Amino acid sequence: MKKLCILLVIILSASAVFAQDWSGVLDSTINYTAGQGEYLPDHSFGFEQYANLRLRVRTREAATFNAAFNIIALSGNMAVPAAMSGLASVGPNYAAAMELERLFVRINGEAADVEAGLFRMSFGYGQVWGSMDFLNPRNPLSPNARPRGVMGLNATFFPGLSSRVMALAAAPQNPLEIQGGGIIGGLFYDQHWARASAQGLYAYETPLDSSPQGLHRFGLSVKADLELSLILDALYILDPQDTAQPMEGLSMGAGFDYSFFSGDLIILFEYLFNGKTSVSHRFRGGPWANHHYLYGTARYRVNDFLSFTAGGLSALEDGSFQIIIGQDYEIYQGFAMNLLARIPLDKKSFGGDEDGELGPLLSGTSFTVNLGFRLRF
């Protein structure tokens, strides 16, 4: 922690002289949670001060150095998980944590563009589930969370004005793996037409104890801008030694969005099929345990400063769901206030005897509200 602080000070000091693009966000959040379950209090409060700092320095003509850091101060119920996981140092009044989020170089060459280091490689057009974006798992219950980067390398080629091909490699998910297991290599293709776009992906992961023959990943993502904006986003994991239930390796999101009143009202629906051995299932580190989910939301823009959001997420098999209500207000350019509330419900909430995945007991809360302020600079 101390060494990372020293490194941050050095880089920030150097950036004052060399940085050509210095930016970031500062989020201040107040949380109230009505607890649910044996080990959680009926009422709890938490506070978070979070900053994401980014800098970019151009070196010579074609290379660009990029770095980003997360700096967090926490208190109350928001500090407890970080402290228990060992990710934060605890002192009087607050717990603190620092994370290196991005550290990479981008080289724009004549034949190809190259990125190497700690950065984000994103795939697919999915707006909610992001099945094809397997290196950066997504959770719609945490819409403001920034996806983590991965240690990797890619080279992007442009065979046409509307297409690109990428060769990629990523280090194992377990950073302590030293025998070569879990390294991912693959190819990615992206093609655009007048009213549609498509992406294809193949990636191979070298053998681990849990997959002694390695894993094959096949991804497809399509979007079409017709009367509705349609998307399909899917990733299939093939484990050669697992032949019992081949379709369980599929994670697929499909849905649409549509706007009314000149874009002031936007509705979005997206369904997820979550196979038991797929990228989005808990078996492989994803957030979901059921097979079928549906997410829907409506966003209404009152004016250029104020908007409201209402929607929900449902696990269709066990009938549990969460209602999500939000409000965004831009106080002035670069400074905004947001309010987000979530209400978990399941069959037991209505007199039944079954706790659902998204219900109060398994979610650990019967009501959560966050009041936040975001400053961009």
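See the structure shown above.
K.L.:
Would you mind going over the overall build of the protein chain in detail, with residue names and values included?
P.N.:
On a plain count of helices and strands, the protein chain comes out with three helices and 19 strands. Its C-alpha atoms give the protein chain a radius of gyration of 22 Å, within 12% of the compact-globule value 21 Å for 377 residues. Expressed along its principal axes, the backbone C-alpha trace of the protein chain runs to roughly 65 × 55 × 50 Å. Every one of the 377 residues in the protein chain was classed for burial, and the buried ones make up 40%. Within the protein chain, contacts between residues separated by at least 24 positions form 51% of all contacts whose residues are at least 6 apart in sequence. Of the roughly 20,500 Å² of accessible surface on the protein chain, a fraction of 62% belongs to carbon and sulfur atoms.

K.L.:
Break down a nonpolar patch on the surface for me, with residues and values.
P.N.:
A cluster of nonpolar residues, Phe 260, Phe 261, Tyr 300, Val 302 and Phe 308, forms a patch on the protein surface that exposes about 490 Å² of accessible area. Here Phe 261 lies in the loop between strand S13 (250–260) and strand S14 (265–274).

K.L.:
So what's going on with the pairing of strand S15 (residues 292–301)? Which residues, and what values?
P.N.:
Bridging between S14 and S15 involves nine bridges; their strand directions are antiparallel. Among the inter-strand pairings, Leu 272 is bridged to a residue of S15, identified as Tyr 293. Bridge analysis of S15 against strand S16 (residues 306–315) gives nine bridges, and the strand direction is antiparallel. Counterpart to Arg 299 in the pairing with S16 is Thr 309.

K.L.:
Hey, could you go over the side chain of Thr 277 for me, with residue numbers and the actual values?
P.N.:
Locating Thr 277 in the fold gives a position in the loop between S14 and S15. Dropping the residues within four chain positions of it, Thr 277 is found in contact with Ile 237, Asp 242, Glu 248, Gly 249, Phe 283 and Arg 284.

K.L.:
Tell me about the packing of aromatic side chains, and name the residues and values.
P.N.:
Applying the stated rule across the entire model yields 14 aromatic pairs. Each ring, one from Tyr 32 and one from Phe 45, has its centre 5.3 Å from the other, and the planes form 45 degrees; the classification is tilted. Residue Tyr 32 is found in strand S1 (residues 21–35), and its partner Phe 45 is found in strand S2 (residues 43–59); the two are separated by 13 residues along the sequence. With a centroid separation of 5.3 Å and 50 degrees between ring planes, the pair formed by Tyr 202 and Phe 218 is classed as tilted. Here Tyr 202, found in strand S10 (residues 196–205), pairs with Phe 218, found in strand S11 (residues 215–225); they are 16 residues apart in sequence, far enough to count as distant. Phe 218 gets classed as partly exposed once you look at its relative accessible area, which sits at 38%.

K.L.:
Please provide a residue-by-residue account of the nonpolar core, values included.
P.N.:
With 19 residues, the main nonpolar core has Met 121, Phe 123, Phe 134, Leu 135, Leu 168, Phe 188 and Leu 201 as its most contacted residues. Those elements that place two or more of their residues in this core are strand S8 (163–170), strand S9 (184–192), S10 and strand S12 (229–238). Looking at which element gives the most residues to this core, the answer is S8, with three residues.

K.L.:
Can you tell me about the pattern of salt bridges, naming the residues and giving the values?
P.N.:
For the coordinates displayed, the defined rule picks out 13 salt bridges. Of the charged contacts in the structure, one is a salt bridge between Asp 21 and Arg 56, with a shortest N-O distance of 3.6 Å. Remark: Arg 56 occurs in strand S2 and Asp 21 occurs in strand S1; sequence separation between them is 35 residues. Judged by its relative accessible area of 33%, Asp 21 is partly exposed. Of the charged contacts, one joins Arg 106 and Glu 115 as a salt bridge, the two residues approaching to 2.5 Å between their closest N and O atoms. Among the residues examined, Arg 106 registers a relative accessible area of 28% and is labelled partly exposed. Through salt bridges with shared partners, a single network forms among Arg 120, Asp 133 and Arg 138.

K.L.:
Quick rundown of the side chain of Asp 27? Include the residues and the values.
P.N.:
Checked against the element boundaries, Asp 27 lands in strand S1. What makes Asp 27 buried here is its relative accessible area of 13%. A distance of 2.7 Å separates polar atoms of two side chains, one belonging to Asp 27 and the other to Arg 374. When sequence neighbours within four positions are dropped, the list of residues in contact with Asp 27 reads Glu 48, Gln 49, Tyr 50, Phe 373 and Arg 374.

K.L.:
Tell me about the environment of Ser 251, and name the residues and values.
P.N.:
Locating Ser 251 in the fold gives a position in strand S13. On the basis of relative accessibility, which here comes to 0%, the residue Ser 251 falls in the buried class. Sequence separation between Ser 251 and Lys 276 is 25 residues, and the spatial gap between their C-alpha atoms is 9.0 Å. Filtering out sequence-adjacent residues up to four positions away, Ser 251 remains in contact with Ser 131, Asp 233, Ala 234, Leu 235, Leu 272, Phe 273, Ser 278, Val 279 and Ser 280. Within the local environment of Ser 251, its side chain forms a polar contact with the side chain of Ser 131, the two groups lying 2.8 Å apart.

K.L.:
Lay out the pairing of strand S18 (residues 335–345) in plain terms, naming residues and giving numbers.
P.N.:
Looking down a regular strand, the side chains alternate between one sheet face and the other. When strand S17 (residues 320–332) meets S18, the two strands line up antiparallel, connected through 11 bridges. When the sheet's bridge partners are listed, Ile 325 is paired in S18 with Ala 341. Adjacent in sequence and paired antiparallel, S17 and S18 are bridged by two residues, among which Gly 334 carries a positive phi angle near 90 degrees. Two strands pair when backbone bridges link them, and S18 and strand S19 (residues 365–376) are joined in this way by eight bridges, in the antiparallel orientation. Among the inter-strand pairings, Leu 339 is bridged to a residue of S19, identified as Leu 371.

K.L.:
Go over unusual backbone geometry, please, and point to the residues and values.
P.N.:
Notably, Asn 93 is not glycine yet its phi reads approximately 85 degrees, a positive angle. Examined against the element boundaries, Asn 93 turns out to sit in the loop between strand S4 (89–90) and strand S5 (95–108). The residue Ser 262 is not glycine, and still its phi comes out positive at about 60 degrees. With respect to the helices, strands and loops of the structure, Ser 262 is situated in the loop between S13 and S14.

Calculation rules
Residues numbered from 1 in each chain as written. Predicted model: local features only at pLDDT ≥ 70, side-chain atom pairs only at ≥ 80, totals over all residues. Heavy atoms only, no water. Helix = DSSP H or I, 4+ residues; strand = E, 2+ residues; numbered from the N terminus. Rg over C-alpha atoms; globule rule 2.2 N^0.38 Å. Buried < 20%, exposed > 50% of the residue type's maximum accessible area, 1.4 Å probe, protein only. Contact = heavy atoms within 4.5 Å. Areas by Shrake-Rupley, 256 points an atom, 1.4 Å probe, with all protein chains shown as cover. Patch = residues over 30% accessible without salt bridge, like charges linked within 9 Å, V, L, I, M, F, W, Y side chains within 5 Å. Salt bridge = Lys/Arg side-chain N within 4 Å of Asp/Glu carboxyl O. Pairing = 2+ DSSP bridges. Phe/Tyr/Trp six-rings, centres within 6.5 Å; stacked < 30°, edge-to-face > 60°. Core = buried A, V, L, I, M, F, W, Y, C linked by side-chain atoms within 4.5 Å. Polar contact = N/O pair within 3.5 Å; in protein donor to acceptor, adjacent residues only side chain to side chain.

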